[in-house]
Amino acid sequence: MPFTLPPDADGILPDRMIAAMADAGMIRPEYPFVESQIQPASLDLRLGDIAYRVRASFLPGPDCTVAERIDELKLHQIDLTDGAVLETNCVYIVPLLESLALPPDIVAAANPKSSTGRLDVFTRVIADGTRRFDSIDAGYHGPLYAEISPKTFPVLLREGSRLSQLRFRVGEATLSAGELDALHEAERLVDVDDADLAHGVAVSVDLSGESSGGFVGYRAKRHTGVVDIDRRGGYPVHEFWEPIPARRDGSLILDPGEFYILASKEAVQVPPDYAAEMVPFDPLVGEFRVHYAGFFDPGFGYEGAGGHGSRAVLEVRSREVPFILEHGQIVGRLVYERMLARPASLYGQRIGSNYQGQNLKLSKHFKA
């Protein structure tokens, strides 16, 4: 089927246009899409039936395919047909069930799904001939692969499991400073009176415990059991997580190598005609990483989709040295982008979204 874009199009493609891309052969799934695979502004990517354990992470570079690099670096291969456990701190490459045949005016960008990031499963998408992770150039024709490295919990995966999602963009989607100011004036993107909108909406960490029963977050335990990536509500929290009580001085010391789930102080929302992405924060102000999963769909936190503002859950890991976080310290920024058209469905309960209206919340795998 033919696929056409509006003249001078600028924005992120919504759900119905993603479906149209598949109908036109620009997205080529090995099997038909499953229910909820197409999200309001993204496409979930499914694992294939083989995982390759490799010696190290890699990028193929402009003159090499991912398959050629796998042949050079693989230690063994694992059949995912009936499920298999991937061990912590090992690197695996898995061919995906979706491949691409992009036109010359559409680019794609990948990110871990929210539940993937909250399990501390480090995953990135790789394409043939690329110099960058999670970035697919316009006009790319070829397969996609997931690099997977569980960092805290061993995980059980199988063919069809979904760890990553893909967005499609045409033209310039990011709002300018003036456009972001105007959108905040009209929609109140964050529930504070003195919002910091420089280079995106500033998001700070909540260490008061006031909105979560006196606790500010969770620290992941080591040497736990396996987490089945496709099992919802199947695991007791106490077997995998240690709750962190609020301190009187509103601080938290991040231990190197430990993984934390925290929440933003602000409630944010994404209006229906926009999407957002959490961008890495300036490393010059702190040696820590926040938010592995960075996509916020249209309707996230939006009152019309049942949100009333939602906290951003922060997946935090300190790097080489202990680092003190303070209540209200800025830890990330939400960059807003325009949609090419409003999605047919918004983020919310009607489409099975797991984190609408959230405060401090672990991934869907753990019993509430």
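Below you will find a few notes about this structure.

Let's talk about the sheet that holds strand 22 (residues 274-279)
Right, so step 1: Strand order in the open sheet formed by 4 strands is 16-27-22-24, and the pairing between neighbours is antiparallel. Whereas interior strands pair on both sides, the edge strands pair on one side only; in this sheet they are strand 16 (201-204) and strand 24 (295-296).
Right, so step 2: The sheet contact formed by strand 16 and strand 27 (residues 330-338) spans 4 bridges and is antiparallel. Note on strand 27: the bridge partner recorded for Ala-202 is Arg-333.

Quick notes on the pattern of salt bridges
Two side chains bearing opposite charge may form a pair once their charged atoms approach each other closely.
Right, so step 1: Counted under the stated rule, the structure contains 20 salt bridges.
Right, so step 2: Notably, a salt bridge pairs Glu-179 with Arg-338, separated by 2.9 Å at the nearest N-O pair. Taken together, the positions of Glu-179 in helix 4 (residues 177-187) and Arg-338 in strand 27 put the pair 159 residues apart, joining distant regions of the chain.
Right, so step 3: Note on Glu-179: relative accessible area 35%, which makes it partly exposed.
Right, so step 4: Between Asp-196 and Arg-333 there is a salt bridge, with its nearest N and O atoms 3.0 Å apart. Of this pair, Asp-196 sits in the loop between helix 4 and strand 16 while Arg-333 sits in strand 27; the two residues are 137 residues apart in sequence, bridging distant segments of the chain.
Right, so step 5: Under the relative-accessibility criterion, Asp-196 is labelled partly exposed at 29%.
Right, so step 6: The class for Arg-333 is buried, based on a relative accessible area of 14%.

Conventions and cut-offs
Residues numbered from 1 in each chain as written. Predicted model: local features only at pLDDT ≥ 70, side-chain atom pairs only at ≥ 80, totals over all residues. Heavy atoms only, no water. Pairing = 2+ DSSP bridges. Helix = DSSP H or I, 4+ residues; strand = E, 2+ residues; numbered from the N terminus. Salt bridge = Lys/Arg side-chain N within 4 Å of Asp/Glu carboxyl O. Buried < 20%, exposed > 50% of the residue type's maximum accessible area, 1.4 Å probe, protein only.

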